[in-house]
Structures are given as C-alpha cells and as structure tokens.
Amino acid sequence: DHAGYDLKLIVMDYLGVNGFDIVDAGCKSSTSCDYPRFAHDVCELIMKGEAPLGILICGTGIGMSMSANRYKGIRAALCANEYHAKMSRAHNDANILCLGSRVIGSELALSIVAAWLNSNFEGDRHLRRVNLIDELS
C-alpha cells in the first residue's frame, strides 16, 4: 500500500536486477489507499496460477498478512528477519512474503527477500501440516 510504496520500488529494482519477472499489482504512488485491495489482487494472481509467489508491503506488514491469509491456498508470512523468511518457505511453503516498511530498513528487507527466494519447501512432514491448513479452514 502507500506506506510500502518506496520499499516496493527498491524491492522491484532488486528483483529486476536479479532476473525475476515482475508483475506490479500494487499502488502507483504514496497517496493513501486501501491495502486489502492490493492483497486481493496478488492473491488472485497466485490462485489463478499467473504468478508462483508474491510480495506484499505495507507499513507493518500486519494488515497485508491478515488480508492475504483469508484466501484459501494462500500462505502469507510476515517476516522481520532472514530466519523467518527461510523457515516460512522451508516448513510452511509460504507463497507470499509480507514486509513492514516502517519496521525494517531497506537493506534488511532485501536480505529477507533474498533469503525467502533462495529457500525451498522441504516437503515431507511439513507437507502434511501445510495441507491441514486448508483442510481445517
């Protein structure tokens, strides 16, 4: 949303330089806007198979993660450090990374993004647990 706009630009630049395809489904300025709409748009892209992963950024990351996790099949993880990022992929198969632009700096954010993108789901016992998320909701 608007609070994450400046960090979004930094993250998008990082992703572009590192060869990732980018679909910008976010706001286009730092003018106040409603974050649930952008969370919805990113979740739709993932649920339709048009994007494998997404990144959502707002002031704290909390609103984005709460909004995204309302959608079946979405596993959004609010990560404040690299370990959170790595484990959200390795054990929880997170398909959306949420960041809080007002609580982490841009260097840490890029380090979190790198850790998240360079981690893979371990499957095995974790797959059973990930499947339970949708089965029980």
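These lines cover the structure that appears in this document, whether it is placed above or below. Predicted model only: the values in this text are computed from it and were never measured.

## Here's the deal with the overall build of the protein
Scanning the protein from N- to C-terminus turns up six helices and three strands. Counting from the amino terminus, helix and strand elements in the protein follow one another as α-α-β-α-β-α-β-α-α. Compactness check: the protein gives a C-alpha radius of gyration of 14 Å against a globular reference of 14 Å for 137 residues, within 12% of the reference. Taking the principal axes of the C-alpha coordinates as reference, the protein spans close to 40 × 25 × 25 Å. Taking all 137 residues of the protein together, 44% fall into the buried category. The contacts of the protein with a sequence gap of at least 6 include a subset with a gap of at least 24, amounting to 64%. By element, 52% of the accessible surface of the protein is carried by carbon and sulfur atoms, the whole surface being about 7,600 Å². Within the protein, one finds 13 positive and 16 negative side-chain charges whose respective centroids are separated by 6 Å.

## What about unusual backbone geometry?
Positive phi, normally seen in glycine, also occurs at Asp93, with a value near 50°. One can find Asp93 in the loop between helix H4 (82-90) and strand E3 (96-100). The phi angle at Asp124 is positive, at roughly 55°, despite the residue not being glycine. Following the sequence through the fold, Asp124 ends up in the loop between helix H5 (106-117) and helix H6 (125-135).

## Comments concerning the sheet that holds E3
Overall, parallel pairing links the three strands, which are arranged E1-E3-E2 in an open sheet. Bordering the open sheet on either side are strand E1 (54-58) and strand E2 (76-78), each of which pairs with just one other strand. If you compare each strand with its neighbour and ignore which way they point, the axes differ by 25° on average. Pairing between E2 and E3: three bridges, direction parallel.

## Overview of the pattern of salt bridges
Pairing is possible between side chains that carry opposite charge, provided their charged atoms lie close to one another. Summed over the entire model, instances satisfying the criterion amount to five salt bridges. Here Asp24 makes a salt bridge to Lys8, at a shortest N to O gap of 3.0 Å. Of this pair, Asp24 sits in the loop between helix H1 (5-17) and helix H2 (35-47) while Lys8 is found in helix H1, placing the two residues 16 residues apart along the sequence. Classification of Asp24 by relative accessible area gives partly exposed; the value is 30%.

## Side note on the environment of Gly123
With respect to the helices and strands, Gly123 occurs in the loop between H5 and H6. Overall, the relative accessible area of 11% leaves Gly123 in the buried class. The spatial distance from the C-alpha of Gly123 to the C-alpha of Thr60 is 29 Å, given a sequence separation of 63 residues.

## Some points on the nonpolar core
In terms of nonpolar packing, the biggest core is built from 19 residues, with Leu56, Met64, Ala68, Ile74 and Ile96 touching the most fellow members. For this core, the secondary structure elements donating two or more residues are H2, E1, helix H3 (62-68) and E3. By residue number, the principal contributor to this core is H2, which donates six residues. Setting aside residues up to four positions removed in sequence, Leu56 forms contacts with Phe38, Ala39, Val42, Met64, Ala68, Ile96, Leu97, Cys98 and Leu99.

Conventions and cut-offs
- Residues numbered from 1 in each chain as written.
- Predicted model: local features only at pLDDT ≥ 70, side-chain atom pairs only at ≥ 80, totals over all residues.
- Heavy atoms only, no water.
- Helix = DSSP H or I, 4+ residues; strand = E, 2+ residues; numbered from the N terminus.
- Rg over C-alpha atoms; globule rule 2.2 N^0.38 Å.
- Buried < 20%, exposed > 50% of the residue type's maximum accessible area, 1.4 Å probe, protein only.
- Contact = heavy atoms within 4.5 Å.
- Areas by Shrake-Rupley, 256 points an atom, 1.4 Å probe, with all protein chains shown as cover.
- Lys, Arg positive; Asp, Glu negative; His and termini not counted.
- Charge placed at Lys NZ, Arg CZ, Asp CG, Glu CD.
- Pairing = 2+ DSSP bridges.
- Axes fitted to C-alpha atoms, helices over the stretch in contact; angles between N-to-C directions.
- Salt bridge = Lys/Arg side-chain N within 4 Å of Asp/Glu carboxyl O.
- Core = buried A, V, L, I, M, F, W, Y, C linked by side-chain atoms within 4.5 Å.

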